Amino acid sequence: MKKIISFSISLLLLSFFFFPGYSQTARHGMSSSEYQTAYNTNSGTNKMRLADVSVYNENGQETYAAIWDKKASSGWIARHAMNESGYQSEVTTQKKAGYRPDRITIADINGRLVFACIFNKTSSAWEARHNMSSQQYQTEYNNWVGSKGYRLVEVCGYKRNGQETYAAVWEKSAGPQYVARHAMSADQYQNEFNTQYGNGYKPVRVSAFEVGGQSRFAVIFEKMNDGVYARSALTPYNYQAEYDNNWGTGSSLKHVCGYNVNGKTYFAALWMGAGISGSDLTLINNKVKKYMDDFNVPGLSIAVMKNGKLVYTRGYGQADKSNGNLVSPNTLFRIASVSKPLTAAAIMRLTETTNLKLTDKLFGPGGLLGDYCAVSGSCIDKADAEKITVQSCLEHTTGWTQDAVWNEYQLNNTDIIKWALKNYSQPTAPGVKYQYMNFDYFLLGRVIEKKSGQTYENYVKNAILSKSGITKMRIGKDNAAGKAPNEVTYYSDNNGNPYDLKLTRMDANGGWIARSADLLMFAAGIDGLNNRPDVLSAGTINTMQTISTADGASDYAKGLKVNGDWWMHNGCMPGTLGHLCHFKNGISVAVLINIRPKADECHWDGMYPLAKGIAESSVSWPSYDLF
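I will try to describe carefully the structure that is included in this document. (Residues numbered from 1 in each chain as written. Predicted model: local features only at pLDDT ≥ 70, side-chain atom pairs only at ≥ 80, totals over all residues. Heavy atoms only, no water.)

## Observations concerning the overall build of the protein chain
- Looking only at helices and strands, the protein chain features 18 helices and 26 strands.
- Out of the 627 residues belonging to the protein chain, those deemed buried represent 60%.
- Summed over its atoms, the accessible surface of the protein chain is roughly 23,500 Å², and 46% of this surface lies on carbon and sulfur atoms.
- One way to put it: in the protein chain the 64 positive side-chain charges average out to a point 6 Å from where the 54 negative ones average out. (Helix = DSSP H or I, 4+ residues; strand = E, 2+ residues; numbered from the N terminus. Buried < 20%, exposed > 50% of the residue type's maximum accessible area, 1.4 Å probe, protein only. Areas by Shrake-Rupley, 256 points an atom, 1.4 Å probe, with all protein chains shown as cover. Lys, Arg positive; Asp, Glu negative; His and termini not counted. Charge placed at Lys NZ, Arg CZ, Asp CG, Glu CD.)

Have a look at this one:
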């Protein structure tokens, strides 16, 4: 056995992975008692099989990570929290009962060795050794593999009294060709991974540990055709992100190893299988990465839906450049003007459930928002102001050419409206000419509050989002200090400070934060197709998607751009660019990033071609539904 070692590429919460016929649960950051509870629930109540376990040192405490698969629950036994003599006794006992160690994990907890093990039933002869130096391990390997024809089925490296130490298991059985390496640094592991992967060997066991303040790796590679996605040096946050990213492509976690280097916790992990072929994944990855490279994008989230089923979702790049946190399908982004379709859907819902009509006027005696011209003392265009209807706001035909919600967002809601009516003229009468205007949707937010008796945010959540199965979306905060859990950090491309905005004021026109998959769940609720339940009636959806007849409207309907090839909406503000589009071929794509690239003006020069290219590609999308 050549003495080399490793490869690197980098969960925090409970993770659950499910496809028809297959399910998996993975946990990490568990104390010994928490692991026992999870074990009892998953292995007992849920009748799942413990597929992998890792014990590691986190903040000086005995900590566990584990994987359970929905497979046959018999033929195995698990033990944890054992000392060295307890482990040896258990190995002796289980060997007599016909079980051999399948997974061995050992951690140094402040000088105290802790062992955990999974034993599997076998009829083959086997031998196990532990407390071996690197040289002793090499000698034992040569003896069992070279002289006696056994194969290495498990290796675990660990620190014992400050020294590099190994445990291993050999079995007299047939199996795939394999290559084993140990005593590797992170760079050596990376180089060895590249070499073996090129030769058709994929890692099936990775043991990562620390000696002398440096990470060390021992790995078993097996000859196989299946792809393996391998990562190491993952922080707990990024382990969770990578778990979620692989879930979004149909890959399942096969192996995890927690380890501690210089007081910091890391994970090495292996994923196998995918709902999408390797060539199709490469096609998608290449398109996304080219867009990110061309436009200097720090982080991106993408989701793809086919005929109402979520078939792909993944994060790329960094959610926060300062700490290296990765983007995942659960990362939240500001969606800017992709908020407008939500507001439009809420208005349309109110036309179904209240006496609200699209022809209702906003201002003047009997107006939905009151007689502002009388209250404010004057309106620069009183006659035209009092002609503004719900429909003219939905279609951006209010006649204004100056955007009060952007120019005067420091004012409160009432004072912004007063300011606009008093200071901004309407060169054309309402309903005559299209002029995209954020203030129009700000006003619709106030109409929603008036007619529903709820805050704008609560009504949209209750009437639209919850009925679509969306639970993560919310109105974003104005500054970095208010960033939500799992929300990205926003970056400027010299086109405005992302944190010099008032998102809470721009709620109805651009204030929401969401996951890319949330946008697709919303889209499925207003598409009028027989896939997922719609939140609006067929007639209301048709009205919402009917293009305005106003001069210059071109493709704008009511909160949606519509043409023969798609309906969609984009969004852009400092630090943010977003896209939601349903294409006529049944593919819907949502993309969100945490910068507004100057070169990709509101998404038409880069993000839209990316989404269109993926939607119209030859990718063979899976039949499962990640929703």
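## Quick notes on the state of the cysteines
- Per the counting criterion, the structure on display carries two disulfides.
- The disulfide bridge from Cys 373 ends at Cys 379, spanning 2.0 Å between sulfur atoms. Of note, the bridge from Cys 373 to Cys 379 carries an S-S torsion of about -105° and is left-handed in sense. Accessibility classification places Cys 373 together with Cys 379 in one group, the buried group.
- Between the sulfur of Cys 572 and that of Cys 602 lies a disulfide, 1.7 Å long from S to S. Between Cys 572 and Cys 602 the sulfur-sulfur dihedral comes to about 50°; the bridge is accordingly right-handed. Placement of the pair is Cys 572 in strand E24 (residues 566-573) and Cys 602 in the loop between strand E26 (587-593) and helix H18 (607-615), with a sequence separation of 30 residues. (Disulfide = S-S within 2.5 Å.)

## Overview of the packing of aromatic side chains
- Counted by the stated rule, this structure contains 30 aromatic pairs.
- On the numbers, 6.3 Å between centres and 35° between planes, the contact of Tyr 137 with Trp 170 is tilted. You can see Tyr 137 sitting in helix H3 (residues 134-147) and its partner Trp 170 sitting in strand E10 (residues 163-171), a full 33 residues away along the chain.
- Plain terms: the ring middles of Tyr 291 and Phe 295 are 5.0 Å apart, the flat faces sit at 40° to each other, and that makes the pair tilted. In this pair, Tyr 291 and Phe 295 are both assigned in helix H6 (residues 278-295), four residues apart and thus about one turn of the helix distant. As far as burial versus exposure is concerned, Tyr 291 and Phe 295 are alike and both buried.
- Sitting over the face of the ring of Tyr 491, Lys 321 holds its NZ or CZ atom 4.4 Å from the ring centroid.
- Here the guanidinium or amino end of Arg 446 rests over the ring plane of Phe 442, the centre of that ring lying 4.8 Å away. (Phe/Tyr/Trp six-rings, centres within 6.5 Å; stacked < 30°, edge-to-face > 60°. Lys NZ or Arg CZ within 6 Å of the ring centre and 35° of its normal.)

## As for the pattern of salt bridges
- Taken as a whole, this structure holds 31 salt bridges when the rule is applied.
- In this structure, the salt-bridge partner of Lys 95 is Glu 127, at a minimum N-O distance of 3.4 Å. Of the two residues, Lys 95 sits in helix H2 (residues 84-96) while Glu 127 sits in strand E8 (residues 126-132), which places them 32 residues apart along the sequence.
- What makes Lys 95 partly exposed here is its relative accessible area of 36%.
- Among the ionic pairs, Lys 584 bridges to Asp 565, the shortest N-O distance being 3.3 Å. In this pair, Lys 584 sits in the loop between strand E25 (576-583) and E26 while Asp 565 sits in the loop between strand E23 (561-562) and E24, placing the two residues 19 residues apart along the sequence.
- Salt bridges here are not isolated pairs; linked through shared partners, they connect Asp 52, Arg 100, Asp 102, Arg 103, Glu 154, Glu 171 and Arg 205. (Salt bridge = Lys/Arg side-chain N within 4 Å of Asp/Glu carboxyl O.)

## Some words on the nonpolar core
- Counting 89 residues, the largest nonpolar core has Leu 362, Phe 363, Trp 400, Phe 439 and Leu 443 as its most contacted members.
- If we ignore the near neighbours within four places in the chain, the residues touching Leu 362 are Gly 367, Leu 368, Leu 369, Gly 370, Ile 388, Thr 389, Val 390, Cys 393, Leu 443 and Val 447.
- Counting residues in hydrophobic clusters, the runner-up holds 37 residues, among them Trp 144, Ala 208, Val 219 and Met 272. (Core = buried A, V, L, I, M, F, W, Y, C linked by side-chain atoms within 4.5 Å. Contact = heavy atoms within 4.5 Å.)

## Details of empty space enclosed by the protein
- Its boundaries defined by the atoms lining it, the largest cavity holds a volume of some 30 Å³.
- Forming the walls of the largest cavity are Arg 334, Lys 477, Asn 479, Gly 482, Lys 483, Glu 487, Tyr 490 and Tyr 499.
- Looking at side-chain class alone, the lining of the largest cavity contains two nonpolar, two polar and four charged residues. (1 Å grid on protein atoms, 1.4 Å probe; cavity = no way out; pocket = protein on both sides within 12 Å on 5 of 7 lines; lining within 4 Å. Points joined across faces, edges and corners; volume = space filled by probe spheres on them. Nonpolar A, V, L, I, M, F, W, Y, C, P; charged D, E, K, R; others polar.)

## Quick look at helix H12 (residues 413-423)
- Within H12, burial applies to Ile 416, Ile 417, Ala 420 and Leu 421. One face of H12 carries all of its buried residues, which in axial projection span an arc of 125°.
- Where H12 starts, the residue carrying a side-chain oxygen 3.2 Å from the main-chain nitrogen of Thr 414 turns out to be Asn 412. (Arc of directions from axis to C-beta. Polar contact = N/O pair within 3.5 Å; in protein donor to acceptor, adjacent residues only side chain to side chain.)

## Comments concerning the pairing of strand E11 (residues 178-184)
- A large share of E11 lies buried, amounting to seven of its seven residues.
- Across five bridges, the pairing between E11 and strand E13 (residues 214-223) is antiparallel. Paired with Val 179 across the two strands is Phe 221, which belongs to E13. (Pairing = 2+ DSSP bridges.)

## Some details on the sheet that holds strand E22 (residues 512-514)
- If you walk across this open sheet you meet the three strands as E20-E22-E21, and the pairing is antiparallel. At either margin of the open sheet sits one strand with a lone partner, and together these are strand E20 (333-334) and strand E21 (474-475).
- In this sheet, E22 lies alongside E21 in antiparallel orientation, the contact comprising two bridges. When the sheet's bridge partners are listed, Ile 475 is paired in E22 with Trp 512.
- The strands touched by helix H14 (residues 456-465) within the sheet are E21 and E22, with E22 carrying the most contacts at an inclination of about 45°. (Axes fitted to C-alpha atoms, helices over the stretch in contact; angles between N-to-C directions.)

## Remarks on H6
- The end-to-end C-alpha distance of H6, which contains 18 residues, comes to 26 Å, matching closely the 26 Å that a straight helix rising 1.5 Å per residue would cover.
- What H6 keeps buried is the set Asp 280, Leu 281, Ile 284, Asn 285, Val 288, Tyr 291, Met 292 and Phe 295. Seen from one end, H6 has its buried residues packed into an arc of 130°, which puts them on one side. For H6, exposure combined with an orientation more than 90 degrees from the buried face picks out Ser 279, Lys 290 and Asp 293.
- In the core, the buried residues of H6 are packed alongside strand E17 (299-306), strand E18 (309-320), E25, E26 and H18.
- One or two residues past the end of H6 sits Asn 296, with phi positive at roughly 55°. (Expected span 1.5 Å × (residues − 1).)

Interpretation note: all reported values are geometric properties and have no functional meaning in isolation.
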